[in-house]
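# Reading the structure
Chain by chain, the residues run as shown.
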Amino acid sequence: MLIVFIGPPGAGKGTASRKLLDYLQIPHLSTGELLRAAKQSSPLGRLAAQYMDRGQLVPDPIVLSMVGEELDKPAFSRGCMFDGFPRTIQQAKSLDDSLRQRGTPLSIVIELKADEAELITRMLRRAATEKRVDDTPETIGRRMEVYHRQTSPLLDYYRKQGLLVSVDAMGSPDDVFELIRAAVDKKKVTVESAAG
Ligand code: ADP
């Protein structure tokens, strides 16, 4: 199965996909984590960091080449959960093209819907423990704005393909996980019966 998570910063994409990983046993591909890991280790990573630290999106070509490299790894042959990717229409189109070539279309796109004011509180709380450089009040505001402008158009893009399921992300991590699991189970039945 190939699953995409979309939601504003702080909506819990990482938490939800890690919980689903235990359930589905397919790997998790977080572009945010990949980019944070590359920050110190490669010139491209250092370039990407300049965008991340300001709360802006890293340019599509950098992200796309990173994701392409990951998807070629054997671990991803049975599917994966994309967390924080795609984030622009160009990324979504490029993902569609590469999945078409591989003959493995997306199964479901899960939108985590959340109240923005509450998310900002959550992120500031996270900032105190995780010390992410992009969790300052100013950068959080910019990431929200970037989400609305560049990423939320993807919701329509996937709705038109019949792939979008929206889930209320304001409950506890367990509640949110149950909603996601139900949506995924329903989709699995459809995917399996279509495959015969
Ligand atoms: P959040 O969803 O809380 O913003 P992420 O870890 O997904 O956290 O992303 C952190 C930062 O990494 C983003 O603000 C952006 O700079 C960069 N980033 C992550 N994924 C992408 C992507 N698909 N395209 C461009 N930039 C990305």
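Residues numbered from 1 in each chain as written. Predicted model: local features only at pLDDT ≥ 70, side-chain atom pairs only at ≥ 80, totals over all residues. Heavy atoms only, no water.

## Points about the overall build of the protein
The condition is simple: Where helices and strands are cited, they refer to DSSP runs of H or I of at least four residues and of E of at least two residues respectively, numbered from the N terminus. Each radius of gyration is computed over the set of C-alpha atoms, and the globule rule expresses the reference value as 2.2 Å times the number of residues to the power 0.38. Burial classes follow relative accessibility: with a 1.4 Å probe on protein chains only, a residue under 20% of its type's maximum area counts as buried, one over 50% as exposed, and anything between as partly exposed. Positive residues here are Lys and Arg, negative ones are Asp and Glu, while His and the chain termini are left out of the count. The atom standing in for a charge is NZ when the residue is Lys, CZ when it is Arg, CG when it is Asp and CD when it is Glu.
A count of helical and extended segments in the protein gives nine helices and five strands. Its helices and strands in sequence order give the protein the pattern β-α-β-α-α-α-β-α-β-α-α-α-β-α, from N to C terminus. The C-alpha atoms of the protein give a radius of gyration of 16 Å, which matches the 16 Å a tight globule of 196 residues would have. If you line up the protein on its principal axes, its C-alpha atoms span 50 × 35 × 30 Å. The burial tally for the protein puts 44% of its 196 residues in the buried class. A gap of 2 Å separates the mean positions of the 28 positive and 26 negative side-chain charges of the protein.

## Here we look at helix α3 (residues 43-52)
Note the following rule: Note that the arc is defined by the directions from the helix axis to the C-beta atoms. Contact criterion: two residues are considered in contact whenever any of their non-hydrogen atoms come within 4.5 Å of each other.
Gly45, Ala48, Ala49 and Met52 are the residues of α3 that are buried. With its buried residues spanning 110 degrees around the axis, α3 presents them on a single face. Check the buried side of α3 and you find it contacts α2 (31-38) and α7 (137-151).

## As for the confidence of the model for the protein
Note that predicted coordinates carrying low pLDDT should not be read in detail. Heads up, the rule is: A residue's pLDDT is the confidence the predictor assigns to it, expressed on a 0 to 100 scale.
Looking at the protein, pLDDT values average 91 and 96% of them are 70 or higher. Per-element confidence in the protein is highest for helix α8 (residues 153-160), whose mean pLDDT is 98, and lowest for helix α9 (residues 173-195), whose mean pLDDT is 84.

## As for the packing of helix α5 (residues 89-102) against α8
The condition that has to hold: With axes taken as lines fitted to C-alpha atoms, and helix axes fitted only over the stretch in contact, angles between N-to-C directions fall between 0 and 180 degrees.
Taken N-terminus to C-terminus, the directions of α5 and α8 make an angle of 30 degrees; their axes are 9 Å apart at the nearest point. Residues Ile89, Ala92, Lys93, Leu95 and Asp96 of α5 lie in contact with α8, whose contacting residues are Pro153, Leu154, Tyr157 and Tyr158.

## Re unusual backbone geometry
For the peptide bond that leads from Phe85 to Pro86, omega is -10 degrees, which places it in the cis range. Assignment of secondary structure puts Pro86 in the loop between β3 (80-83) and α5. Backbone geometry at Gln25 places phi at a positive 60 degrees, although glycine is not the residue there. Within the secondary structure, Gln25 sits in the loop between α1 (13-24) and β2 (28-30).

## Side note on the site of the ligand
The condition is simple: Note on terminology: near, applied to a residue and a molecule or strand, indicates that one of the residue's heavy atoms is within 4 Å of it. The term polar contact refers here to a pair of N or O atoms within 3.5 Å; inside protein, the definition further demands a hydrogen-donor-capable atom paired with an acceptor-capable atom, and it admits residues adjacent in sequence only when both atoms are side-chain atoms. Only the protein chains shown count as cover for residues, and all accessible areas are computed by the Shrake-Rupley method using a 1.4 Å probe. Ten residue types, Ala, Val, Leu, Ile, Met, Phe, Trp, Tyr, Cys and Pro, are classed as nonpolar, four, Asp, Glu, Lys and Arg, as charged, and the remainder, Gly among them, as polar.
Within the structure, the ligand sits among 20 residues, and Lys13, Thr31, Gln56, Gln91 and Arg143 are positioned closest to it. Here Thr31 contributes a side-chain N or O atom positioned 2.8 Å from a nitrogen atom of the ligand. Between the ligand and the protein, one listed contact pairs an oxygen atom with a side-chain N or O atom of Arg143 at 2.8 Å. In isolation the ligand offers 540 Å² of accessible surface; the protein chains occlude 97% of this area. Among the residues forming the shell around the ligand, the class breakdown is seven nonpolar, six polar and seven charged.

## Some remarks on the packing of aromatic side chains
Quick note on the threshold: Between the rings of Phe, Tyr and Trp (Trp by its six-membered ring), a pair exists once the centres lie within 6.5 Å; its type follows the angle of the planes, with under 30 degrees stacked, over 60 edge-to-face, and the other angles tilted. In our convention, an over-ring charge means Lys NZ or Arg CZ found within 6 Å of a ring centre and within 35 degrees of that ring's normal.
Within this structure, the stated rule accounts for three aromatic pairs. On the numbers, 6.3 Å between centres and 85 degrees between planes, the contact of Tyr23 with Phe177 is edge-to-face. In this pair, Tyr23 sits in helix α1 while Phe177 sits in helix α9, placing the two residues 154 residues apart along the sequence. By relative accessible area, which is 13% here, Phe177 ends up buried. A cation over an aromatic ring shows up here: Arg54 above the ring of Tyr51, its NZ or CZ 5.7 Å from the ring centre.

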